[in-house]
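Chain and residue survey
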Amino acid sequence: MAKYAFNEYHLDVAERRLRRGKEEVRLRNKVFDTLCVLVENAGRLVRKNDLMQVVWPDAVVEENNVDHCVSQLRKVLGGQPTQFIETVPRQGYRFVCPVHHDNLLELPIPVSEARGTAPPKMPPQRIKSFVTQDGVNIAYSQCGSGPPLVKAANWLNHLEFEWRSPIWAHWVTELTRHHTLYRYDERGNGLSDWNIEDFSFQAWVRDFAQLIDTIQLDRFPILGISQGGAVAVSYAAQHPERVSKLILCGSFARGWMLRDIPGEVERRNALLTLVRLGWGKDNPAFRQMWTTLFMPNATPEQVDWFNELQRVTTSPDNAVQLMMEAGRINIVDLLPKVKCPTLVLHGRNDAAIPVTEGRLLAARIPGAKFVELPTCNHLVIPPEPAWNIFLEAVSEFMEWDKEEKAAISMRQASSSH
């Protein structure tokens, strides 16, 4: 959990400590919990109902309980009554004092820092769009420099929202160290059109092909994550002359409807019902199920961000359509037709896509290399150890180390003259 600093105070959420300088300030449990909620949502209105649900999750209380806690906080913090906490009449409260993270080590570790170098800045992103043959507007972006690398869209993308992500920032900064990275929002997602009729897998592959034609690439590698791996494989099988390499992470050739896993279809259908009922609500409880399934070892900040990504990226109806279509995917017959070098990476205990699906990809694609990652996360994220293993495997496969060694040799040669 994070540590925060505001005015002369330091708040440690995990240790449940509030300090004024070196002096420890003691608060009753519910008063401390109220402070944490307000500080973590600094600058935003926190409604009384939301405060009651978080601070008293197992009890029914009245609004005056919240009012009492806020009153106690104002007395302890001192200053003017509204210096720290502002009252929004008949609504709730807002923490108005500027808040900073007190310890950057509590934040997700940037990918470059995980590799022992200074964290790079996010590169500029240029967002454009094209219109598909069936009239759907698809948003795509270009960032970084160097030879191209195209990322096939996975389940739920949002080009702008991902740019401030404690999850995807690690991927983007690392990949753009070596490549011009192209990403896009799948139809029904993010900045692409939501109001569409064709959610089919065939449409996903056609959209990918039209993206390649739009940006006019001749030969390039593809990164496919989750269902994006199936799109990448399909394109590579149909256009072997254009795809130089494939990286498949947490991917599959058979959707959840086709896997021989007892009870899988019943579980997924139950989840689809919950998505229809609760996906778009302010309470993130319904979306939290998917976050826990995809990244059980995520940090609190990463969990909050992924919960919000689901809400802003697509509608409940679209989410169901996309999940249903992913469940129908079957590209097993295309795997032997992939001719390019292929790297398959998969979490050993991935709860979203079983590791057996990764092994199937590697077994059926000629010459594919399989790397099993020691993680239960579907999407590998730092600071877990699997992230560095992932980077090392991709670096070797893409020959990044060779490029870096060559660049060092050139610099040394030029400095000697």
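The structure contained in this document is the topic of the report that follows. (Residues numbered from 1 in each chain as written. Predicted model: local features only at pLDDT ≥ 70, side-chain atom pairs only at ≥ 80, totals over all residues. Heavy atoms only, no water.)

Here's the deal with the pairing of strand β16 (residues 369-373)
- Sheet analysis places strand β15 (residues 342-347) next to β16, joined by five bridges and oriented parallel. Following the sheet pairing, H346 is matched in β16 by E372. (Pairing = 2+ DSSP bridges. Helix = DSSP H or I, 4+ residues; strand = E, 2+ residues; numbered from the N terminus.)

Quick look at the nonpolar core
- Grouped together as the largest cluster of nonpolar side chains are 96 residues, with contacts concentrated most on W171, Y184, F208, I222, L246, L345 and F390.
- Residues V39, C69, I85 and F95 belong to the second largest nonpolar core, which totals 30 residues. (Core = buried A, V, L, I, M, F, W, Y, C linked by side-chain atoms within 4.5 Å. Buried < 20%, exposed > 50% of the residue type's maximum accessible area, 1.4 Å probe, protein only.)

Quick word on the side chain of E325
- Considering the arrangement of structural elements, one finds E325 in helix α11 (residues 316-328).
- Judged by its relative accessible area of 12%, E325 is buried.
- Those residues in contact with E325 that lie beyond four places of it in its chain are F199, S200, F201, Q202 and W204. (Contact = heavy atoms within 4.5 Å.)

Points about unusual backbone geometry
- Phi angles above zero are rare outside glycine, and L156 is one such case at about 75°.
- The residue L156 is located in the loop between β11 (148-152) and α5 (168-175) in this model.
- For Q216, which is not glycine, the phi torsion reads 60° and is therefore positive.
- Turning to its location among the elements, Q216 is positioned in the loop between α6 (201-215) and β13 (220-225).

Some remarks on the environment of N388
- Looking at the element boundaries, N388 is found in helix α13 (residues 385-398).
- Counting along the chain gives 15 residues from N388 to L373, while the straight-line C-alpha distance between them is 9.9 Å.

Remarks on the sheet that holds strand β10 (residues 137-144)
- Read across the sheet, eight strands follow the order β9-β10-β12-β11-β13-β14-β15-β16 without closing on themselves; strand pairing throughout is mixed. Edge positions in the sheet fall to β9 (125-131) and β16, since each of these pairs with one other strand and no more. Between one strand axis and the next, the sheet turns by 20° as a mean value, whatever way the strands run.
- Across three bridges, the pairing between β11 and strand β12 (residues 180-184) is parallel. Bridge pairing in β12 places P148 opposite T180. (Axes fitted to C-alpha atoms, helices over the stretch in contact; angles between N-to-C directions.)

Some points on the environment of V66
- Turning to its location among the elements, V66 is positioned in helix α3 (residues 63-77).
- For V66, a relative accessible area of 1% translates into the label buried.
- Put simply, V66 and G92 are 26 residues apart on the chain and 9.1 Å apart in space, counted from C-alpha to C-alpha.
- Discounting residues that sit within four places of it in the chain, V66 has contacts with K48, L51, M52, W56 and Y93.

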